[in-house]
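Chain by chain, the residues:
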Amino acid sequence: MKRILSFLIVSVIFLMSGCTSEIEYNMPTETPKAYPVVIGETVFKEEPMSVASLSPAITEMIFALGYGDKVVARSKYCDYPEIVTKRTSIGSSVKPSVEMIINIKPDVLITQSPIAKTDRDKIEKGGTKIVILETPHNFEELYNCYRDIAAVLGGNLTAEAKADECMNSLAVRLSNIKGDGTFAYLMTYDYGIATGDTLAGEILSYFGENVASDYEKYNISPEELIEKQPETVVLSEGITIDGFDAEISELNAVRSGRVIYIDSSCFERPTARLIEEFVKSFAQKVNSLPEMKDFSTETPEETPAEELTVEEQLANMLAEAQQMVNEEKDMNRLLDEQLKKLDV
């Protein structure tokens, strides 16, 4: 990811400086062409004139890349930019309206969710190509989404430049963050956590070390989390510390008040704009955190004695009285023995 990030930043500096290379290479090269464009198994021999989207993130990317005028249909959840709400709704990624898609007949349908084979066959038979882009799990995959969409809708020649333009602002902002300390981002009460193979885990790692960076698929045990003692605990909105095991509330970070609540929608609907807004907001929350307290010298509190019943209290009193009687007998016996020795 940081390789892509560095490349984007260098690209910005290079373009701003207006530098051009004067070195010429006498090597035969094939003239680059806008098309064909190949995405997975789908081949585009020419520029599509219309596009439909079943993903809110994809729809936003299409507009950000400058191809919003080609959008003829969208999912019912696509609401940004606002103008897209005036385009025809074709259901959702889970339940697309195949009949409407066939009637509208966009040149290409782009989604981030699989489409049932029977529906896919009908749509493609109607003349619409289908592109399925995976939901990004890191910065590089997010960049690739922008680049692939730009390639499909505008050709190979301008795809990377357009993707750079959409991602550069986020890349620069991330590069300026000075990370410190450790963190854990808990997403669910069953210890679903942002691991190293997630977009959330990677973006947050710019602010510090992710204690779950070596784990995968959102999984960590409570014991492992407690052992790692993250210095900051991040929770999705709606999740509270009280909903976890009692041991979590005893984490030093929690006792120090170093808990941050976030709106996680940018990771569910990842676009450069939403993630950059999140980074700005998160940075402010990090800067307002209290200092980490030192609990290493704290004396453990004594466990208060349980209250006894009246019967138990009486039994204890009798036991103490009996012990006193026994001790008095022992003293008398010893005294008698000493007196006998004196008589001798």
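Being a predicted model, the structure only gives us computed values, none of them experimental. (Residues numbered from 1 in each chain as written. Predicted model: local features only at pLDDT ≥ 70, side-chain atom pairs only at ≥ 80, totals over all residues. Heavy atoms only, no water.)

A look at the overall build of the chain
Next, step 1: The helix and strand inventory of the chain stands at 13 helices and 11 strands.
Next, step 2: By residue count, 39% of the 344 residues in the chain fall in the buried class.
Next, step 3: For the chain, restricting intrachain contacts to residue pairs at least 6 apart in sequence, the fraction spanning at least 24 positions comes to 59%.
Next, step 4: Approximately 21,100 Å² of the chain is accessible, and the part contributed by carbon and sulfur atoms is 51%. (Helix = DSSP H or I, 4+ residues; strand = E, 2+ residues; numbered from the N terminus. Buried < 20%, exposed > 50% of the residue type's maximum accessible area, 1.4 Å probe, protein only. Contact = heavy atoms within 4.5 Å. Areas by Shrake-Rupley, 256 points an atom, 1.4 Å probe, with all protein chains shown as cover.)

Describing the sheet that holds strand 10 (residues 232-236)
Next, step 1: Pairing within the open sheet is parallel, and its 4 strands lie in the order 9-8-10-11. Across the chains shown, the open sheet's two edge strands, defined by having one partner strand only, are strand 9 (209-210) and strand 11 (259-262).
Next, step 2: Relative to strand 11, helix 12 (residues 272-287) is tilted by about 160°, and along the sheet it contacts strand 10 and strand 11. (Pairing = 2+ DSSP bridges. Axes fitted to C-alpha atoms, helices over the stretch in contact; angles between N-to-C directions.)

Brief notes about the sheet that holds strand 6 (residues 108-111)
Next, step 1: Taking strand neighbours across the sheet as the criterion, the 5 strands line up as 5-4-3-6-7 in an open arrangement whose pairing is parallel. Two strands bound the open sheet, and with one partner strand each, they are strand 5 (88-89) and strand 7 (129-132).
Next, step 2: With 4 bridges connecting them, strand 6 and strand 7 associate as parallel partners. Bridge pairing in strand 7 places L109 opposite I130.
Next, step 3: Lying on the sheet, helix 2 (residues 56-64) is in contact with strand 3 (51-53), strand 4 (71-74) and strand 6; it crosses strand 3 at an angle near 140°.

Some points on a nonpolar patch on the surface
Next, step 1: Nonpolar side chains collect at one region of the surface, where V310, L314 and M317 lie side by side and expose about 310 Å² of accessible area between them.
Next, step 2: Along the chain, V310 turns up in helix 13 (residues 310-343). (Patch = residues over 30% accessible without salt bridge, like charges linked within 9 Å, V, L, I, M, F, W, Y side chains within 5 Å. Salt bridge = Lys/Arg side-chain N within 4 Å of Asp/Glu carboxyl O.)

Structural notes on helix 2
Next, step 1: Taken across its 9 residues, helix 2 has 8 buried, putting it largely inside the fold.
Next, step 2: What helix 2 keeps buried is the set P56, A57, I58, T59, E60, M61, I62 and F63.
Next, step 3: Tucked into the core, helix 2 has its buried residues touching strand 3, strand 4, strand 6, helix 5 (139-154) and helix 12.
Next, step 4: Positive backbone phi, at 95°, marks G66, one or two positions downstream of helix 2.

Some details on the packing of helix 2 against helix 5
Next, step 1: Direction vectors running N to C along helix 2 and helix 5 enclose 60°, while the axes themselves pass 10 Å from each other. The orientation of helix 2 relative to helix 5 falls into the category oblique. Considering the relative orientation of helix 2 and helix 5, their crossing is right-handed. For the pair formed by helix 2 and helix 5, the contact residues are I58, M61, I62 and A64 on the first element and L142, C145, Y146, I149 and L153 on the second.
Next, step 2: The residue inventory of the contact of helix 2 with helix 5, partitioned by class, reads 9 nonpolar, no polar and no charged. (Parallel < 35°, antiparallel > 145°, perpendicular 65-115°, else oblique. Left-handed = near helix turned anticlockwise from the far one by under 90°. Nonpolar A, V, L, I, M, F, W, Y, C, P; charged D, E, K, R; others polar.)

Quick word on the packing of helix 5 against helix 6 (residues 156-175)
Angle between the axes and distance between the axes: these two values describe a pair of packed helices.
Next, step 1: Direction vectors running N to C along helix 5 and helix 6 enclose 150°, while the axes themselves pass 7 Å from each other. Considering their axes alone, helix 5 and helix 6 lie roughly antiparallel with respect to each other. Where helix 5 crosses over helix 6, the handedness of that crossing is right-handed. Touching F139, L142, Y143, Y146, R147, A150, A151 and G154 of helix 5 are N156, T158, A159, E160, K162, A163, D164, C166, M167, L170, A171 and L174, all from helix 6.
Next, step 2: Taken together, the residues of the contact of helix 5 with helix 6 sort by class into 13 nonpolar, 3 polar and 4 charged.

Observations concerning the side chain of D148
Next, step 1: Turning to its location among the elements, D148 is positioned in helix 5.
Next, step 2: Residue class for D148 comes out buried when judged on its relative accessible area of 18%.
Next, step 3: Excluding anything up to four places from it in sequence, D148 contacts I39 and L133.

Looking at the packing of aromatic side chains
Next, step 1: Per the stated rule, a full pass over the model turns up 5 aromatic pairs.
Next, step 2: Each ring, one from F267 and one from F278, has its centre 5.0 Å from the other, and the planes form 70°; the classification is edge-to-face. In this pair, F267 is assigned in helix 11 (residues 265-268) and F278 in helix 12, connecting sequence segments 11 residues apart.
Next, step 3: Given a relative accessible area of 8%, F278 falls into the buried group.
Next, step 4: Members of the aromatic cluster, connected to one another through ring pairs, are F207, F267, F278 and F282.
Next, step 5: Geometry around Y80 places R273 over its ring, the cationic atom sitting 3.6 Å from the centre. (Phe/Tyr/Trp six-rings, centres within 6.5 Å; stacked < 30°, edge-to-face > 60°. Lys NZ or Arg CZ within 6 Å of the ring centre and 35° of its normal.)

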